[in-house]
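A look at the structure
Below are the chains, spelled out letter by letter.
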Amino acid sequence: MPQFDIVSEVDMVEVKNATDNANRELSTRFDFRGVDASFELIKEKVKMRTDEDMQLRQMADILRGALVKRNIDSSSMSVGKTEFSGKTCSADIEFLQGIEGAVAKKVVKSIKDSKLKVQVSIQGDKVRVVGKKRDDLQAVMQHIKTAELGQPFQFDNFRD
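Sequence order sets the numbering: in each chain, residues are counted from 1 along the sequence as written. Two thresholds apply to this predicted model, a pLDDT of at least 70 for residue-level local features and 80 or more for giving and counting side-chain atom pairs, whereas whole-chain, interface and lining totals are computed over all residues. Calculated side-chain values reflect all of the structure's heavy atoms, with hydrogen atoms and water omitted.

- As annotated in an unreviewed UniProt entry, the protein carries the name Nucleotide-binding protein FR932_14615 and comes from Moritella marina ATCC 15381.
- Regarding the protein, the relevant UniProt record gives this comment under Function (unreviewed entry): "Nucleotide-binding protein."
- Taken verbatim from the UniProt record of the protein, the Sequence similarities (unreviewed entry) comment is "Belongs to the YajQ family." UniProt positions are given in the numbering used here, feature names are shortened, and annotations may be inferred rather than shown by experiment.

**Thoughts on the packing of helix α1 (residues 12–28) against helix α2 (residues 53–69)**
- Packing of α1 against α2 brings their axes to within 8 Å, and their N-to-C directions diverge by 130°. Between α1 and α2, the interaxial angle falls into the category oblique. In the packing of α1 onto α2, the handedness of the crossing is right-handed. For the pair α1 and α2, contact is made by Val15, Ala18, Thr19, Ala22, Glu25 and Leu26 and by Met59, Ile62, Leu63, Ala66 and Leu67, respectively.
- Only Asp, Glu, Lys and Arg are considered charged in this grouping, and only Ala, Val, Leu, Ile, Met, Phe, Trp, Tyr, Cys and Pro are considered nonpolar; every other residue, Gly among them, is considered polar. Residues belonging to the contact of α1 with α2 are distributed by class as follows: nine nonpolar, one polar and one charged. Note on geometry: axes are C-alpha line fits, over the in-contact stretch for helices, and angles between N-to-C directions span 0 to 180 degrees. Each helix is a run of H or I in the DSSP string that is no shorter than four residues. Each strand is a run of E no shorter than two, and both are numbered from the N terminus. These descriptions rest on fixed angle ranges, namely under 35 degrees for roughly parallel, over 145 for roughly antiparallel, 65 to 115 for roughly perpendicular, and the rest for oblique. Working rule for handedness: look at the near helix, and if it is turned counterclockwise from the far one by less than a right angle, call the crossing left-handed; if clockwise, right-handed. Any two residues whose heavy atoms approach within 4.5 Å are treated as being in contact.

**A word on the environment of Ser38**
- Tracing the backbone shows Ser38 in strand β2 (residues 38–42).
- Since its relative accessible area comes to 24%, Ser38 is described here as partly exposed.
- A sequence separation of 16 residues divides Ser38 from Ala22, and the C-alpha atoms of the two residues are 8.7 Å apart.
- Excluding residues that lie within four positions of it along the chain, Ser38 makes contacts with Asn23, Leu26, Lys47, Met48, Arg49 and Met59. Exposed residues in this analysis have more than 50% of their type's maximum accessible area, buried residues have under 20%, and partly exposed residues fall in between, with area computed by a 1.4 Å probe over protein chains only.

This is the structure:
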């Protein structure tokens, strides 16, 4: 029976490349000239540092643009609280990895409400979809792409 998994993962290599591109853009922007501003990738978080709070919001938009250019959905990015220390301020940006239980339940409910003939089960941080026909699975994929569930999803492990 055909099946696939619905996952929510971010390619950290592409995040590293987007961070490097954002740092390059910071060095060329006129409004950041003479300002100590930087992006730094630490494990699975990006740390933004600058002198002013307003510049942090601008930096988040710069990184968001770099992520979009790298085909990473910017809705997987969540900006943390601004921290002030001395004359610098910083904020962490985290990326959503995996599907939480509440979101997984919303995905399952959404698929079941669509009346497609598939079986859906939650398996850890994935949602597995099994159906008799490939067309049913493709309809589920299209349904998930158009549904507003608050998180970007990818489709993995398709078996026929």
